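Structural features, examined
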Amino acid sequence: MEQTAEQLSLRRMIWRHLARWLFGGDGRSSDARLERSEAANEDILIFYFQLDLQTRIQYALNIEQFDVAKQMREKLTEIETEIIRQREAKRGSSKTEAQDKALNLLRVRADLQKAINSENYALAAGLRDEIAKLETESLAVSAKALAYQNVKYVFRLGQKVRHKVHGYRAVICGMDPVCCESKSWMETANVEKLSKGPNQPFYQVLVDVYVDPELLVAYVAEENLSAAEESEKGRFDHPYIEFLFFGEDTAGDFIPIKQLREKYDQPRYEASGDENDDDGNTDS
């Protein structure tokens, strides 16, 4: 299937920067790069390929290549199913997970009572430890699910921000109500040293490539970000801008595409002076 020159150029740019990000670099070290996130970068690229596949399906239908469109639609279904699974796992709000933990607690508590009745106190001690662990995990799952329901974000998709500690400019392209990175990443990024720790909103941000071409995508706590001043909303370059945003609004921030808003269940935002919908429609 033919691609436009713009699409080819964008693909080459994405993979060039990704290759440098994963395998290259100039050998410099920076505390800012401790917040670099492979998981966030992968999440954005999967989103890009999802959009690209949707475009290809529509193109195949337009030129009546129905068999090709069917094959790609099946692939898209697989990708979307995996995205939903990952999202549920990330949120820790699955009913099945909560039910499994509740059943495990009931089972272990029953085993504990049997151990006490048979005066097997060594086994009982181990079961008490297991119960404590299950209760902690269950509480964490419930708290995380509650956070997703009640979260209020300070920043919005497309907003230009500045890192309070490292000073670089960035753009918000994703958000979580709490830190959803791995334990090893949180240890490397010193998340526990933050005043609010991991229990605060964290943002996927695109970092201006002219500031640090190797950082590319970072995962940053809300307390470490501030809104960019008007004087800081000048030129911003990043290879992912073209497929995540339409352009800039009258305030100098980027306008997220409708699919990105839907991904994070975020409302449309209109800067003062913007009269048209950001995705060219009249729906909200």
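Cut-offs applied
- Residues numbered from 1 in each chain as written.
- Predicted model: local features only at pLDDT ≥ 70, side-chain atom pairs only at ≥ 80, totals over all residues.
- Heavy atoms only, no water.
- Core = buried A, V, L, I, M, F, W, Y, C linked by side-chain atoms within 4.5 Å.
- Buried < 20%, exposed > 50% of the residue type's maximum accessible area, 1.4 Å probe, protein only.
- Helix = DSSP H or I, 4+ residues; strand = E, 2+ residues; numbered from the N terminus.
- Pairing = 2+ DSSP bridges.
- Axes fitted to C-alpha atoms, helices over the stretch in contact; angles between N-to-C directions.
- Contact = heavy atoms within 4.5 Å.
- Phe/Tyr/Trp six-rings, centres within 6.5 Å; stacked < 30°, edge-to-face > 60°.
- pLDDT = per-residue confidence, 0-100.
- Salt bridge = Lys/Arg side-chain N within 4 Å of Asp/Glu carboxyl O.

1. Notes on the nonpolar core
Formed by 37 residues in total, the largest nonpolar core has its most connected members in Tyr168, Ile172, Val205, Leu206, Tyr240, Leu244 and Phe245. Those elements that place two or more of their residues in this core are α2 (38-62), β2 (169-176), β3 (202-207), β4 (217-221) and α7 (241-244). The leading source of residues in this core is α2, at six residues. Grouped together as the second largest cluster of nonpolar side chains are eleven residues, Val178, Cys180, Leu194 and Tyr219 included.

2. Regarding the sheet that holds strand β1 (residues 160-163)
Read from one edge of the open sheet, five strands run β4-β3-β2-β1-β5, paired in antiparallel fashion. Among the strands making up the open sheet, the edge pair consists of β4 and β5 (225-227). The average undirected angle you get between the axes of adjacent strands in this sheet is 50°. Bridge analysis of β2 against β3 gives six bridges, and the strand direction is antiparallel. Bridging across to β3, alanine 170 finds its partner in valine 207. Each of β2, β3 and β4 touches α2; the most contacted strand, β3, lies at about 75° to it.

3. Some points on the pairing of β3
In terms of residue burial, β3 counts as a mostly covered element, since six of its six residues are buried. Burial of β3 is two-sided: the residues Phe202, Gln204 and Leu206 facing one way and the residues Tyr203, Val205 and Val207 facing the other way are all buried. Bridging between β3 and β4 involves five bridges; their strand directions are antiparallel. If you follow leucine 206 over to β4, its bridge partner there is valine 217.

4. Topic: the packing of aromatic side chains
Taken as a whole and judged by the stated rule, the model has nine aromatic pairs. Both rings, one in tyrosine 153 and one in tyrosine 203, keep their centres 5.9 Å apart while their planes meet at 65°; by these two values the pair is edge-to-face. Here tyrosine 153, found in the loop between α5 (121-150) and β1, pairs with tyrosine 203, found in strand β3; they are 50 residues apart in sequence, far enough to count as distant. We classify tyrosine 153 as partly exposed; its relative accessible area is 22%. For tyrosine 203, a relative accessible area of 0% corresponds to the buried category. Aromatic side chains phenylalanine 202 and tyrosine 219 sit 5.3 Å apart centroid to centroid with 35° between the ring planes, which places their arrangement in the tilted category. With a gap of 17 residues between them, phenylalanine 202 in strand β3 and tyrosine 219 in strand β4 connect regions that are remote in the sequence. This pair shows no difference in class: phenylalanine 202 is buried, exactly as tyrosine 219 is.

5. Remarks on the confidence of the model for the protein
Looking at the protein, the pLDDT average stands at 82 and 77% of residues meet or exceed 70. Predicted confidence for residues 280-284 stays below pLDDT 50, and this span has eight contacts to residues more than four positions away or in other chains.

6. Quick word on the side chain of aspartate 176
Its place among the elements puts aspartate 176 in strand β2. Judged by relative accessible area, aspartate 176 falls into the buried class, the value being 3%.

7. What about the pattern of salt bridges?
If the charged atoms of two oppositely charged side chains come close together, the side chains can form a pair. In this structure the tally under the stated criterion is 14 salt bridges. Of the charged contacts, one joins arginine 107 and glutamate 130 as a salt bridge, the two residues approaching to 3.9 Å between their closest N and O atoms. Taken together, the residues arginine 107 in helix α4 (residues 95-117) and glutamate 130 in helix α5 connect sequence positions 23 residues apart. Given a relative accessible area of 44%, arginine 107 falls into the partly exposed group. For glutamate 130, a relative accessible area of 33% gives the class partly exposed. A salt bridge links glutamate 270 to arginine 268; the nearest nitrogen and oxygen atoms lie 3.2 Å apart. Judged by relative accessible area, arginine 268 falls into the partly exposed class, the value being 26%. The structure contains a network of salt bridges with shared partners spanning Arg107, Asp111 and Glu130.

8. Quick look at unusual backbone geometry
A positive phi angle is found at asparagine 190, which is not glycine, with a value near 55°. Mapped onto the fold, asparagine 190 is located in the loop between α6 (183-188) and β3. Judged by relative accessible area, asparagine 190 falls into the partly exposed class, the value being 33%. Phi is positive for aspartate 265, close to 50°, though the residue is something other than glycine. Within the secondary structure layout, aspartate 265 lies in the segment after α8 (258-263).

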